[in-house]
Amino acid sequence: MLKIRNAALSDRPRLIEIENLCFSKEEDSTPKTTKQRLQHIRDSFFVAGDDGTILGLVNGPVKGQEFITDDLFENIMTNSPCGGHQTILGLAVHPDFQSRGISAKLLAHLEKEARKRTRETVTLTCKEELISFYGKYRYINMGVSDSAHGGVVWYNMSKRLK
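Read on for a plain summary of the structure. (Residues numbered from 1 in each chain as written. Predicted model: local features only at pLDDT ≥ 70, side-chain atom pairs only at ≥ 80, totals over all residues. Heavy atoms only, no water.)

### Some details on the nonpolar core
Judged by nonpolar contacts, the single largest core of 21 residues is most densely connected at Ile 88, Leu 106, Tyr 134 and Tyr 139. Counting residues per element, the ones that place at least two in this core are β2 (45-50), β3 (53-59), β6 (90-93), α3 (102-116), β7 (121-126), α4 (131-135) and β9 (155-160). The biggest single contributor to this core is α3, with five residues. Dropping the residues within four chain positions of it, Tyr 134 is found in contact with Leu 91, Leu 107, Leu 124, Cys 126, Tyr 139 and Met 157. Formed by nine residues, the second largest nonpolar core is a distinct cluster that contains Ala 7, Val 47, Ile 54 and Ala 92. (Core = buried A, V, L, I, M, F, W, Y, C linked by side-chain atoms within 4.5 Å. Buried < 20%, exposed > 50% of the residue type's maximum accessible area, 1.4 Å probe, protein only. Helix = DSSP H or I, 4+ residues; strand = E, 2+ residues; numbered from the N terminus. Contact = heavy atoms within 4.5 Å.)

Encoded structure:
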């Protein structure tokens, strides 16, 4: 049975493995930034697992402004206890376990936790081919992002929680 929980520092090797499989080298989190996220934003860093094996992850810090800026990929600060905008810097499921609804469950869990903390939105950037995926979960395409992360074109996606 799939269980979702807060990520722990001991999960880091598996999280890095999943990121490396799901993102290009230019896009994925480094071991250093993964450690920073685990140290500073555990309250918004979740893993999905089955029988003790991590199958997927979702994470991102809370910001005062709605859209993601590239500095978030390197500089992680502790989340405010309430308010703000919940970002998603990473949503990834190990390729062997994709197309089983794990991403949807991770998104729903992050959204539920964000509502508990009275966040205004959940916001993320994605490539054009993923706009329809996030659209299925009521994320709205807000146009091309200013982000240059990984040297690709990103689209701002946002979902109001209030």
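### Details of the environment of Val 153
For Val 153, the location among the structural elements is in the loop between β8 (140-144) and β9. A relative accessible area of 51% means that Val 153 is categorised as exposed. Residues Val 153 and Cys 126, spaced 27 residues apart in sequence, show a C-alpha to C-alpha distance of 8.3 Å. Excluding anything up to four places from it in sequence, Val 153 contacts Cys 126, Lys 127 and Val 144.

### Focus: unusual backbone geometry
Located in the positive-phi region is Ser 99, a residue other than glycine, with phi close to 65 degrees. Tracing the backbone shows Ser 99 in the loop between β6 and α3. The class of Ser 99 is exposed, set by a relative accessible area of 81%. Look at Thr 118: it is not a glycine, yet its phi comes out positive at around 50 degrees. Note that Thr 118 resides in the loop between α3 and β7.

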